[in-house]
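Inside the fold
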Amino acid sequence: MAKKTVATLQTGEGRTYSKVIKMVRSPKTGAYVFQEKMVPNDKVDEALK
């Protein structure tokens with residue numbers, strides 16, 4: 001799976017996406033958890049809200 005994602009990002013189409021890493025607090029344990037998403041560049045602000 002990871003190889004396919006890397007191969008996709010190396011083409012011209014992959015430059016239109018950004019990796020968003022958001023830190024959120026887990027409701028169960030109270031510890032911080034990192035959530036990672038691949039989103040289009042024009043939707044980055046919406047993903048961070």
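The rules we used
- Residues numbered from 1 in each chain as written.
- Predicted model: local features only at pLDDT ≥ 70, side-chain atom pairs only at ≥ 80, totals over all residues.
- Heavy atoms only, no water.
- Helix = DSSP H or I, 4+ residues; strand = E, 2+ residues; numbered from the N terminus.
- Buried < 20%, exposed > 50% of the residue type's maximum accessible area, 1.4 Å probe, protein only.
- Contact = heavy atoms within 4.5 Å.
- Areas by Shrake-Rupley, 256 points an atom, 1.4 Å probe, with all protein chains shown as cover.
- Salt bridge = Lys/Arg side-chain N within 4 Å of Asp/Glu carboxyl O.

1. Looking at the overall build of the chain
- What the chain contains, in helices and strands, is 2 helices and 2 strands.
- When the helices and strands of the chain are read in sequence order from the N terminus, they spell out α-β-β-α.
- Within the span of the chain, comprising 49 residues, buried residues form 10% of the whole.
- Expressed as a percentage of contacts within the chain between residues at least 6 apart in sequence, the contacts between residues at least 24 apart total 25%.
- Of the roughly 4,500 Å² that the chain leaves accessible, carbon and sulfur atoms contribute 57%.

2. Some remarks on the pattern of salt bridges
- In the structure shown here, the tally under the stated rule is 1 salt bridge.
- Lys-19 serves as the salt-bridge partner of Glu-36, at 3.2 Å between the closest nitrogen and oxygen. Placement of the pair is Glu-36 in strand β2 (residues 32-40) and Lys-19 in strand β1 (residues 17-25), with a sequence separation of 17 residues. Here the two residues Glu-36 and Lys-19 agree in accessibility, since each one is exposed.

Read these as spatial facts, not as claims about activity.
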